[in-house]
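A structural walkthrough
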Amino acid sequence: MPINVLFSARTPRWSEYEAPLRAAFADAGLDVDLRPAAGTTRVADAPPPHADEEVDYIVCAPNGSVTDFGPFTRTKAVLNLWAGVEAIAPNKTLTQPLARMVDPGLTEGMVEWVTAHVLRHHLWLDPQITGQTGAWRPVVPPLARDRPVTILGMGELGSACAEALTSLRFPVTGWSRRAKIQDGVRWLWGDDGRAAALESAQIGVLL
């Protein structure tokens with residue numbers, strides 16, 4: 001008996017994800033009947049949605065077309081297509097377990113993006129790139145050790161970015177809702193800690 005999986009999205013994601021999902025299920029040796037949810041942008045020959053009471057799993061893009069999870073009485077879990085679950089977690093009809101995506105590529109990409117832009121502002125690259133007049137204008141930025149950086153949000157992505165920035169000798173302050181520990185990072189938490197973290201920062205990263 002196949003596993004019934006419903007794909008929920010508001011944007012034209014079905015055409016992007018159908019083939020990769022089918023391939024992943026096949027590689028895992030799973031017999032899956034994958035169908036788009038009602039309201040999902042679909043190609044003309046897409047199969048009709050599963051009946052709500054026959055769905056085993058729901059794969060959700062952010063702001064997916066399924067907004068009421070109550071009728072999905074057989075559903076074992078809702079699988080989010082991104083690391084961030086803020087668009088779906090507050091849904092009061094969601095009683096099934098919610099899984100967020102964990103992918104090393106997401107973490108690596110975020111580390112590269114954050115590091116690039118911290119260095120961009122640290123080294124004042126924008127004026128150097130966009131303000132060329134043909135005249136040499138020497139600019140001597142401080143060393144990284146003299147440029148404090150604060151990261152608001154020290155989950156998996158924030159912690160990985162903090163590790164990369166501390167390896168470049170930036171003094172990093174991390175803020176989270178609850179107290180944590182990470183080598184080389186000054187850690188603050190709660191409302192008072194957030195204010196202190198921002199006051200000490202020359203560059204802020206919001207994660």
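These notes cover the structure that comes with them. (Residues numbered from 1 in each chain as written. Predicted model: local features only at pLDDT ≥ 70, side-chain atom pairs only at ≥ 80, totals over all residues. Heavy atoms only, no water.)

**With respect to the sheet that holds strand S7 (residues 172–176)**
Read across the sheet, four strands follow the order S8-S7-S6-S9 without closing on themselves; strand pairing throughout is parallel. The open sheet has two edge strands with one neighbour each: strand S8 (185–189) and strand S9 (203–206). With direction set aside, neighbouring strand axes in the sheet form an average angle of 20°. Of the pairings in the sheet, the one linking strand S6 (residues 149–152) to S9 comprises four bridges and is parallel in character. Paired with Leu152 across the two strands is Leu206, which belongs to S9. Those strands touched by helix H2 (residues 104–122) are S6 and S9, and its axis lies near 160° from that of S9. Packing of helix H5 (residues 190–199) onto the sheet brings it into contact with S6, S7 and S8, and relative to S8 it is tilted by some 135°. (Pairing = 2+ DSSP bridges. Helix = DSSP H or I, 4+ residues; strand = E, 2+ residues; numbered from the N terminus. Axes fitted to C-alpha atoms, helices over the stretch in contact; angles between N-to-C directions. Contact = heavy atoms within 4.5 Å.)

**Some thoughts on the sheet that holds strand S3 (residues 57–60)**
On the basis of which strands lie adjacent, the open sheet formed by five strands has the order S2-S1-S3-S4-S5 and parallel pairing. One side of each edge strand has no neighbouring strand; the edge strands of this open sheet are strand S2 (32–36) and strand S5 (98–99). Strand direction decides the pairing type here: strand S1 (residues 3–8) and S2, joined by five bridges, are parallel. Across the sheet, the residue bridging to Leu6 is Arg35, located in S2. Seen against the sheet, helix H1 (residues 14–27) touches S1, S2 and S3 and runs at an angle of roughly 175° to S2.

**Points about unusual backbone geometry**
Although it is not a glycine, Trp124 sits at a positive phi angle of roughly 55°. Looking at where Trp124 falls in the secondary structure, it is placed in the loop between H2 and helix H3 (125–130). One non-glycine residue, Arg169, adopts positive backbone phi at about 80°. By secondary structure assignment, the location of Arg169 is in the loop between helix H4 (156–167) and S7. When its relative accessible area of 65% is taken as the criterion, Arg169 is described as exposed. (Buried < 20%, exposed > 50% of the residue type's maximum accessible area, 1.4 Å probe, protein only.)

**Examining a negative patch on the surface**
A cluster of acidic residues, Asp52, Glu53, Glu54 and Asp68, forms a negative patch at the surface. Structurally, Glu54 can be placed in the loop between S2 and S3. (Patch = residues over 30% accessible without salt bridge, like charges linked within 9 Å, V, L, I, M, F, W, Y side chains within 5 Å. Areas by Shrake-Rupley, 256 points an atom, 1.4 Å probe, with all protein chains shown as cover. Salt bridge = Lys/Arg side-chain N within 4 Å of Asp/Glu carboxyl O. Lys, Arg positive; Asp, Glu negative; His and termini not counted. Charge placed at Lys NZ, Arg CZ, Asp CG, Glu CD.)

**Some words on the pattern of salt bridges**
Under the definition given, this model contains eight salt bridges. Note that Arg22 and Glu18 form a salt bridge whose closest N and O atoms lie 3.1 Å from each other. Of this pair, Arg22 and Glu18 both sit in helix H1, separated by four residues, roughly a single helical turn. The structure contains a network of salt bridges with shared partners spanning Asp56, Arg74 and Lys76.

**What to know about the side chain of Thr115**
Considering the arrangement of structural elements, one finds Thr115 in helix H2. Contacts of Thr115, omitting those with residues within four sequence positions, involve Ala164, Leu165 and Leu168.

**Focus: the packing of aromatic side chains**
All chains considered together, the criterion is met by two aromatic pairs. An angle of 35° between the planes, with centres 5.9 Å apart, marks the rings of Phe7 and Tyr17 as tilted. With Phe7 in strand S1 and Tyr17 in helix H1, this residue pair connects regions lying 10 residues apart in the sequence. This pair shows no difference in class: Phe7 is buried, exactly as Tyr17 is. Aromatic ring contacts, followed pair by pair, group Phe7, Trp14 and Tyr17 into a single cluster. (Phe/Tyr/Trp six-rings, centres within 6.5 Å; stacked < 30°, edge-to-face > 60°.)

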